[in-house]
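As a plain string of letters, each chain reads:
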Amino acid sequence: MNLEFLREAIRLSSEKMQAGAGGPFGAVIVRQGVIVGRGWNRVTSTNDPTAHAEVTAIRDACTHLQTFSLAGCDIYSSCEPCPLCLAAIYWARIDRIYFAATCDDAAAVGFDDRQFYDEIRKPRDERSIPMQQALRDEAAVALQAWTNRPDRIRY
C-alpha cells in the first residue's frame, strides 16, 4: 500500500466536496506506481446516482488507458466501497482495494449502505423493489447470437 495514493484519494474527497461537486468521497486508480484515473463523488452535481468516486475513477482510468479492463491496477479510496462501487471494481478487474474510512464511518454521517447489502442477500421475491421476469425465450435469442459471434470481445 502506498499511503501517498491514499492521501490523494482523501484530498480529492475533501477538495471536491468543498467545491460542491458531491459527497465527501475520492478515489484514484494506480497502475505500475502511476495514477491513471482520478474520481470523486459527483452524484449531486451531475444528477447521476451512479457517479460515485470509485465509479468515476474507473471511468477516467478506462478512458485514459483505452480499455475496459483494469487488470494490473489498484484502487485507493477515501472510504470503503459501497455495493455499487464494489461491483464496478470487480467488473473492472482491479487487482486490489485500499481504503481509509470504513462503511461504519460513512454510516455515522448519513451514508448507510447496509440496507443495500441486506437487499442483495434476499431472494428476488423478498426485495423491497418488486421484480418480474418475462419473455425469457425472446431475450435468449440475443444471448445465443452473442455466443455465436466469432468476433465477440470477452469481458
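This text gives an overview of the structure that appears in the document.

1. Structural notes on a nonpolar patch on the surface
Next up, step 1: On the surface, a nonpolar cluster with roughly 660 Å² of combined accessible area is contributed by Phe-68, Trp-91, Trp-146, Ile-153 and Tyr-155.
Next up, step 2: Structurally, Tyr-155 is set in the segment after helix H7 (136-148).

2. Considerations on the sheet that holds strand S1 (residues 26-31)
Next up, step 1: What the four strands build is an open sheet, ordered S2-S1-S3-S4; its pairing is mixed. Only two strands of the sheet have a single partner each, and these edge strands are strand S2 (34-40) and strand S4 (96-101). Shown here is a sheet whose adjacent strand axes are inclined to one another by a mean of 15°, direction ignored.
Next up, step 2: Where strand S3 (residues 73-79) lies against S4, five bridges are found, and the strand directions are parallel. Directly across from Ser-77, in S4, lies its bridge partner Phe-99.
Next up, step 3: Sitting on the sheet, helix H3 (residues 53-65) touches S1, S2 and S3, and the angle it makes with S2 is about 140°.

3. Let's talk about the pairing of S2
When a strand is regular, its side chains alternate between the sheet's two faces.
Next up, step 1: When S1 meets S2, the two strands line up antiparallel, connected through six bridges. By the bridge assignment, Val-28 is partnered in S2 with Arg-38.

4. Some points on helix H4 (residues 83-92)
Next up, step 1: Inspection of H4 places Pro-83, Cys-85, Ile-89 and Ala-92 among the buried residues, and these make up the whole buried set.
Next up, step 2: Packed against the buried residues of H4 are H3, S3, S4 and helix H6 (114-121).
Next up, step 3: Phi turns positive one or two residues past the end of H4, at Arg-93, with a value near 65°.

5. A look at the nonpolar core
Next up, step 1: Grouped together as the largest cluster of nonpolar side chains are 18 residues, with contacts concentrated most on Ile-29, Val-36, Ile-58, Leu-70, Cys-73, Ile-75 and Ile-94.
Next up, step 2: When residues of this core are traced back to their parent elements, those giving at least two are S1, H3, S3 and H4.
Next up, step 3: For Val-36, the contacting residues outside a window of four places in its chain are Ile-29, Val-30, Arg-31, Asp-60, Ala-61, His-64, Leu-65 and Cys-73.
Next up, step 4: Phe-5, Leu-12, Val-30 and Tyr-98 belong to the second-largest nonpolar core, a separate cluster that totals nine residues.

Cut-offs and rules
- Residues numbered from 1 in each chain as written.
- Predicted model: local features only at pLDDT ≥ 70, side-chain atom pairs only at ≥ 80, totals over all residues.
- Heavy atoms only, no water.
- Patch = residues over 30% accessible without salt bridge, like charges linked within 9 Å, V, L, I, M, F, W, Y side chains within 5 Å.
- Areas by Shrake-Rupley, 256 points an atom, 1.4 Å probe, with all protein chains shown as cover.
- Salt bridge = Lys/Arg side-chain N within 4 Å of Asp/Glu carboxyl O.
- Helix = DSSP H or I, 4+ residues; strand = E, 2+ residues; numbered from the N terminus.
- Pairing = 2+ DSSP bridges.
- Axes fitted to C-alpha atoms, helices over the stretch in contact; angles between N-to-C directions.
- Contact = heavy atoms within 4.5 Å.
- Buried < 20%, exposed > 50% of the residue type's maximum accessible area, 1.4 Å probe, protein only.
- Core = buried A, V, L, I, M, F, W, Y, C linked by side-chain atoms within 4.5 Å.

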